[in-house]
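Coordinates in review
So the chains spell out like this:
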Amino acid sequence: MATQTPAQLERRLVPPDGPILPDVVRSEFTKFRSVRSTYATLAAAFVAAAALGPVQCALYAARYPNVDAEEKADFSAAHLSLNGIQLAQLAIGVLGVLLISSEYTTGMIRATLAAVPQRRTVLAAKAFVFTIVTLIVSEIACFIAFFASQAFLSPKHLNAHLSDPGVLRAVVGGGLYLAVLGLTALALGTVIRHSAGAIATLFGLLFVLPGIASALPRATRDAVNQYLPSNAGQQIFALRIDPHTLQPWAGLGVFCIYAAIALTAAAILLRRRDA
Amino acid sequence: MIEIRNLTKRFGDVVAVDDVSFDVVPGRVTGFLGPNGSGKSTTMRMIMGLDWPTSGTVTVNGRPYGQHRRPLFEVGAMLDANAIHGGRTAYNHLLCLAQSNGIPRDRVDEVIERVGLVSVAHKRAGGFSLGMSQRLGIAGAMLGDPGVMLFDEPVNGLDPEGIRWIRNLLRSFAAEGRTILVSSHLMSEIALTADHLVVIGRGRLIADVSVGDFIEQSTQNFVRVRSPQIEELAQAVIAGGGTTWPDADGALAISGLPIDAVGDLARDAGIALHELSPQLATLEEAFMELTRDSVEFHAHAVPASTPGAIKEGA
């Protein structure tokens, strides 16, 4: 209480009224934009998501006369154009983890939590800033990927249109998938607090888990596989719904549940543990 | 004002802070003194709401730290000068801290100027020297113009110029009526800066005194004598109410009797004296004496004639 401070201390700064969340969001945005790793990983994600699909589409169009019937049947112009997401998700995952694990490795987290002892507010502000930026970058990249790919495919009349069934959903969904994946990465970074450990765990869950599941007996595998994080999440940009896979929005829903569980664990642990 | 009551922190089996209670009051520099590993940093982290106490309470200006909505206006701290993201510029580091509490941007420029980092404000903090990092940490503590300030080992590793700068800065903060808590493991660093001392060892409170009283109480002065009849002299001193123990070079150390009385005693007993000299323990030795039972890791080379022997003699 101010009354306990002797009168001779003249306070020149007065704390503003109002909620702290906007201030913390502003602070987290400053942190986000003021380190190089942000630009490096976002640029990598953007280039991968925007350019890889068009390159693959151009190659496909070039060798189209020699493509066999089976491959032609499998081909989806919209899906191939979004193939860069597979690479971009690595960069987004790394960025999500680093957003908080770098604070632990440098010790900055103590300055952060001393400035904002409302720890869940810190996590919420980080998640908000990261989601907005990732979503914008990913959506732009996915649309560029789609239109550039169709430009390469149209001379052979292989191109898809946004108005085709499921195509707009897939292109928009690619960005959504990357944003939700990034949030999961942020949550894992908060729980694990070490960059390498959190990145390894994230990629283990995404890529290794399906491999392990493939060792299961067929019936169990079919039941389990569709609910694994990456399989469920990637349905949102799938254009052919195979048997034993979830519907697009249901798949994204399952992926969001994983993210929500991870974020809840992160919020609880961040609150409980010593910084 | 910081109020600490029965504060205890356990890490598994290790009791880092053990039932510590003390106040840190405004207008003076309180030195927080203890050997390495004595629980100073843990106590400071609990004050800052970073570590949770196992039991007991800490309040800053009447409230637990976490209940301050914009704590930088109340409390500023430099707990670890290196706890900075090295990829961020000094300016951006301070800006993100300021923004989190709604502190205006021009205050960032102000504190950068106050600590003398204007020329490197837009350089990445990773390339800073220790002295520059310390200045940046202090700038961060000053952002909200807080009434309470904490510094954990602020002069550790600094050159004399840097030490003097920080010392003067802390004194000026206290003179402005702020509450200042500054930790150190070196008595000599703190004696010239602090008005008041809180000493802990192995997590326990050992002393909570003014610097003047500390010097008076714990500076053990003794008398050193050499004599060819040392055994007889020792008996005479003990009979006269003094305490003795062997000192270096076969001399005898005597406490509990003034130096004049020792001389008179020797004359009355007909004992020849070859030396009769007053011995003053330094402040550093007084601190070592105070904390010698609570040092976490002893080096096992015990010199025979340190004032530490007093305790055994008494």
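Residues numbered from 1 in each chain as written. Chains lettered and ligands numbered in written order. Predicted model: local features only at pLDDT ≥ 70, side-chain atom pairs only at ≥ 80, totals over all residues. Heavy atoms only, no water.

A few points about the overall build of chain A
- Broken down by element type, chain A carries twelve helices and zero strands.
- Moving toward the C terminus, one meets the helices and strands of chain A in the order α-α-α-α-α-α-α-α-α-α-α-α.
- Seen through its principal axes, chain A has C-alpha atoms that stretch 85 × 45 × 30 Å.
- Among the 275 residues that make up chain A, the fraction classed as buried is 49%.
- In chain A, the share of contacts with a sequence separation of at least 24, taken over all contacts with a separation of at least 6, comes to 76%.
- Accessible surface computed for chain A: about 12500 Å², of which carbon and sulfur atoms make up 67%. (Helix = DSSP H or I, 4+ residues; strand = E, 2+ residues; numbered from the N terminus. Buried < 20%, exposed > 50% of the residue type's maximum accessible area, 1.4 Å probe, protein only. Contact = heavy atoms within 4.5 Å. Areas by Shrake-Rupley, 256 points an atom, 1.4 Å probe, with all protein chains shown as cover.)

As for the overall build of chain B
- Helix and strand counts for chain B come out as eleven helices and 13 strands.
- Summarising its shape, the C-alpha atoms of chain B cover approximately 80 × 40 × 35 Å along the three principal directions.
- Out of the 314 residues belonging to chain B, those deemed buried represent 54%.
- In the form shown here, chain B has an accessible surface area of approximately 13200 Å², with 51% of it arising from carbon and sulfur atoms.
- Computing the positive centroid from 27 side-chain charges and the negative centroid from 37, chain B places the two 10 Å apart. (Lys, Arg positive; Asp, Glu negative; His and termini not counted. Charge placed at Lys NZ, Arg CZ, Asp CG, Glu CD.)

Some details on the interface of chain A and chain B
- The interface of chain A with chain B comprises 45 residues on the first partner and 52 residues on the second.
- With both chains or domains summed, chain A and chain B bury close to 3900 Å², and 53% of this area falls on carbon and sulfur atoms.
- The largest share of the area that chain A buries against chain B comes from A:Leu13, A:Met108 and A:Asp274, three residues that together contribute 15% of it.
- Here chain A and chain B share three salt bridges between them.
- B:Arg70 is paired through a salt bridge with A:Asp23; the nearest N and O atoms lie 2.5 Å apart.
- On the surface where chain A and chain B come into contact, there are 21 residue pairs in polar contact (both at pLDDT 80 or more). (Buried area = accessible area lost by both parts, 1.4 Å probe. Salt bridge = Lys/Arg side-chain N within 4 Å of Asp/Glu carboxyl O. Polar contact = N/O pair within 3.5 Å; in protein donor to acceptor, adjacent residues only side chain to side chain.)

Notes on the packing of helix 8 (residues 167–192) of chain A against helix 12 (residues 248–272) of chain A
Residue and element names in this part refer to chain A.
- Packing of helix 8 against helix 12 brings their axes to within 8 Å, and their N-to-C directions diverge by 20 degrees. The orientation of helix 8 with respect to helix 12, classified from their angle, is roughly parallel. As for how helix 8 packs across helix 12, the hand of that crossing is left-handed. Residues Arg169, Leu176, Tyr177, Val180, Leu181, Leu183, Thr184, Ala187, Thr190 and Val191 of helix 8 lie in contact with helix 12, whose contacting residues are Pro248, Trp249, Leu252, Phe255, Cys256, Ala259, Ala262, Leu263, Ala265, Ala266, Leu269 and Leu270.
- A per-class count over the contact of helix 8 with helix 12 returns 19 nonpolar, two polar and one charged. (Axes fitted to C-alpha atoms, helices over the stretch in contact; angles between N-to-C directions. Parallel < 35°, antiparallel > 145°, perpendicular 65-115°, else oblique. Left-handed = near helix turned anticlockwise from the far one by under 90°. Nonpolar A, V, L, I, M, F, W, Y, C, P; charged D, E, K, R; others polar.)

Here's the deal with the domain arrangement of chain B
- You can read the domains of chain B as domain 1 (2–217) and domain 2 (219–313).
- One C-alpha centre belongs to domain 1 of chain B, the other to domain 2 of chain B; they are set 39 Å apart. (Domains from an automatic or database assignment.)

A word on the sheet that holds strand 2 (residues 14–24) of chain B
Residue and element names in this part refer to chain B.
- The three strands are arranged 2-1-4 in an open sheet whose pairing can be described as antiparallel. Whereas interior strands pair on both sides, the edge strands pair on one side only; in this sheet they are strand 2 and strand 4 (55–60). Across the sheet, the mean angle separating the axes of adjacent strands is 20 degrees when strand polarity is ignored. (Pairing = 2+ DSSP bridges.)

Some remarks on the packing of helix 6 (residues 108–115) of chain A against helix 2 (residues 90–100) of chain B
- Taken N-terminus to C-terminus, the directions of helix 6 of chain A and helix 2 of chain B make an angle of 25 degrees; their axes are 9 Å apart at the nearest point. On the basis of the axis angle, helix 6 of chain A is roughly parallel to helix 2 of chain B. Classified by chirality, the crossing of helix 2 of chain B by helix 6 of chain A is right-handed. Here A:Met108, A:Ala111 and A:Ala115 of helix 6 of chain A lie close against helix 2 of chain B, whose contacting residues are B:His93, B:Cys96, B:Leu97 and B:Ser100.

A word on the sheet that holds strand 3 (residues 29–33) of chain B
Residues and elements named next belong to chain B.
- Spatially, the six strands line up as an open sheet ordered 5-6-7-3-8-9, and their pairing is mixed. At either margin of the open sheet sits one strand with a lone partner, and together these are strand 5 (75–78) and strand 9 (204–210). Shown here is a sheet whose adjacent strand axes are inclined to one another by a mean of 15 degrees, direction ignored.
- In this structure, strand 3 lies alongside strand 8 (residues 196–201), joined through four bridges in parallel fashion. Its bridge partner lying in strand 8, phenylalanine 32 is registered against valine 198.
- Docked against the sheet, helix 4 (residues 130–142) engages strand 5 and strand 6 (148–152), running at close to 170 degrees with respect to strand 5.
- Relative to the sheet, helix 5 (residues 160–175) contacts strand 3, strand 6 and strand 7 (179–184), its axis offset from that of strand 7 by approximately 150 degrees.

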